[in-house]
Amino acid sequence: MEKIRMEHGKMVVPDCPVVPFIEGDGVGPEITAATQRIVNAAVERAYGGSRRIAWKEVLAGGKAYETVGSWLPDETMEAFREYLVGIKGPLTTPVGGGIRSLNVALRQTLDLYVCLRPVRWFKGVASPLKEPQKVDMHIFRENTEDIYAGIEWNAGTPEAEKFLHFLTEQMGVTKVRFPESSSFGVKPVSREGTERLVRAAIEYALERGLPSVTLVHKGNIMKFTEGGFKNWGYALAEREFGDRVFTSSQADRIKKDQGAEAARCASDEARTAGKLIVNDCIADAFLQNTLLTPERYSVIATLNLNGDYISDQLAAMVGGIGIAPGANINYRSGHAIFEATHGTAPDIAGTNVVNPCSLLLSAVMMLDYMGWTEAGKLITEALEKSFGQGRATADLARFMPGGISLTTSDFAEEIAAAL
């Protein structure tokens, strides 16, 4: 057993890496057991026993509080620091003080600045769309700024009064409609935070031969935060990626200097040459467009709040959050935590009916991140086969024509056997 490590900016993965995992609360133990069963079988099948994962349980959430009296023990954070790559089930958030969110605490402490949420449709899974096969997107949601680093002051508190006084007396602000009853919030968005997210999104698209990166923002209203995100993103794309990309900002400059036809020709030439197209879209228009013309979008780079809305809407378009994977990644340090994107679902915990696919597909992302793509591909193919036959857990099977509902454990056994 060895640690995954970074050497000269590249990840080195041994044949038997230690991977820390948090079982999770509620349905966490069931989906974790199912996921590990399938992943172990896929790794064995793909590599004939020459590779395996050494799972190392660490504690967080309700189980940690009951066991050691801490919602997020120092030992858990240290394990993720030390072993670089880990995976976690859903966690209960403490009520009434303490950590606002365990998930946010993990992301910010390890500076996991990318929340990566790939969204695709599996044949056989019911969707509200007529053509769900057109949905194939990769959301890069900024994970450390915007509302995740937001600062708030509650209405009627001395802090809110002080902030209001600062706005009105020192900054000359007159737009607060009901000042005495207003709460206030501030969200930070930086050039550095924007650049590292957009850089990761562009590198991801180039490595995979994907056609476009779309910067989604609300810069028409928030000029210096969301608008800054757009402008900094375009500047980064042109400065660091040069002739490999063609941006809408470049097209706008050509249009201004040479006219609309020249801009259209330049854009067409860039696509013909296989350049990555970097464009942008206002957030509300983007949400509409994903329903009407999802095939237009490939990689999405966006701020935290927008990314929250976008990733959940896209998940609903392909069958729900139960099959939506997610990862939190720092591409510079190598640290990554893969996770189920849904909650603890206490109402069905222990009933052996929960769908493990969110965590399972996150584990596929983890295998790909480690370079063990063969094992991840086996799992994806087994899921495609099972869903195509209408065999799934009850949440999916009930909407499939002739669907056959399987328990969590039976589903895991079938997928493992089908690898």
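Because the structure is a prediction, the values reported are computed rather than measured.

So, how was this worked out
Residues numbered from 1 in each chain as written. Predicted model: local features only at pLDDT ≥ 70, side-chain atom pairs only at ≥ 80, totals over all residues. Heavy atoms only, no water. Helix = DSSP H or I, 4+ residues; strand = E, 2+ residues; numbered from the N terminus. Rg over C-alpha atoms; globule rule 2.2 N^0.38 Å. Buried < 20%, exposed > 50% of the residue type's maximum accessible area, 1.4 Å probe, protein only. Contact = heavy atoms within 4.5 Å. Areas by Shrake-Rupley, 256 points an atom, 1.4 Å probe, with all protein chains shown as cover. Lys, Arg positive; Asp, Glu negative; His and termini not counted. Charge placed at Lys NZ, Arg CZ, Asp CG, Glu CD. Axes fitted to C-alpha atoms, helices over the stretch in contact; angles between N-to-C directions. Parallel < 35°, antiparallel > 145°, perpendicular 65-115°, else oblique. Nonpolar A, V, L, I, M, F, W, Y, C, P; charged D, E, K, R; others polar. Salt bridge = Lys/Arg side-chain N within 4 Å of Asp/Glu carboxyl O. Polar contact = N/O pair within 3.5 Å; in protein donor to acceptor, adjacent residues only side chain to side chain. 1 Å grid on protein atoms, 1.4 Å probe; cavity = no way out; pocket = protein on both sides within 12 Å on 5 of 7 lines; lining within 4 Å. Points joined across faces, edges and corners; volume = space filled by probe spheres on them.

Focus: the overall build of the chain
Thought 1: When helices and strands are tallied, the chain shows 15 helices and 17 strands.
Thought 2: A compact globule built from 419 residues would reach a C-alpha radius of gyration of about 22 Å, and the chain, at 23 Å, matches this within 12%.
Thought 3: Its C-alpha atoms put the chain at 65 × 60 × 50 Å along the principal axes.
Thought 4: Here the chain, with 419 residues, has 50% of them falling under the buried criterion.
Thought 5: Intrachain contacts of the chain at a sequence separation of at least 6 include 73% that bridge at least 24 residues.
Thought 6: A total accessible area of about 19500 Å² is found for the chain, and carbon and sulfur atoms account for 51% of it.
Thought 7: Positive and negative side-chain charges in the chain, numbering 44 and 52 respectively, have mean positions lying 4 Å apart.

Structural notes on the packing of helix 1 (residues 28–47) against helix 15 (residues 408–418)
Thought 1: As a packed pair, helix 1 and helix 15 sit with axes 9 Å apart at the nearest point and diverge in direction by 10°. Classed by the angle they form, the pair helix 1 and helix 15 counts as roughly parallel. Residues Glu30, Ala34, Arg37, Ile38 and Ala41 of helix 1 form the contact with helix 15, whose own contacting residues are Thr408, Ala412, Glu413, Ile415 and Ala416.
Thought 2: Partitioned by chemical class, the residues of the contact of helix 1 with helix 15 number six nonpolar, one polar and three charged.

Remarks on the pattern of salt bridges
Thought 1: Applying the stated criterion to the full structure yields 26 salt bridges.
Thought 2: Note that Glu195 and Arg191 form a salt bridge whose closest N and O atoms lie 3.5 Å from each other. Of this pair, Glu195 and Arg191 both sit in helix 6 (residues 191–208), four residues apart, roughly one helical turn.
Thought 3: Residue Glu195 is classed as buried on the basis of its relative accessible area, which comes to 10%.
Thought 4: Measuring nitrogen to oxygen at the nearest pair gives 2.8 Å for the salt bridge that ties Asp284 to Lys218. A residue pair is termed long-range when its members are at least 10 positions apart, and Asp284 in helix 10 (residues 283–292) and Lys218 in the loop between strand 10 (212–217) and helix 7 (226–241) qualify at 66 residues.
Thought 5: Note on Lys218: relative accessible area 22%, which makes it partly exposed.
Thought 6: Bridged by salt links that share partners, the residues Arg191, Glu192, Glu195, Arg199, Arg239 and Glu240 form one connected network.

Topic: the side chain of Asn330
Thought 1: Structurally, Asn330 can be placed in the loop between strand 14 (325–329) and strand 15 (336–340).
Thought 2: Of the polar contacts made by the side chain of Asn330, one reaches the backbone nitrogen of Arg332; its length is 2.9 Å.
Thought 3: Discounting chain neighbours no more than four positions away, the residues touching Asn330 are Leu110, Asp111, Leu112, Tyr113, His335 and Tyr369.

Topic: the environment of Ala260
Thought 1: Locating Ala260 in the fold gives a position in helix 9 (residues 260–272).
Thought 2: When its relative accessible area of 33% is taken as the criterion, Ala260 is described as partly exposed.
Thought 3: In this structure, the C-alpha to C-alpha distance between Ala260 and Ala149, residues 111 residues apart in sequence, is 41 Å.

Things to note about the layout of surface pockets
Thought 1: What the largest pocket holds in volume is close to 1100 Å³.
Thought 2: Of all the secondary-structure elements, those providing two or more residues to the lining of the largest pocket are strand 2 (10–12), strand 6 (114–120), strand 7 (136–142), helix 6, strand 14, helix 12 (357–369) and helix 13 (373–388).
Thought 3: Here the lining of the largest pocket gets seven residues from one element, more than from any other, and that element is helix 6.
Thought 4: Considered as a void within the structure, the second largest pocket measures approximately 550 Å³ in volume.

Purely geometric stuff here, so don't read any function into it on its own.
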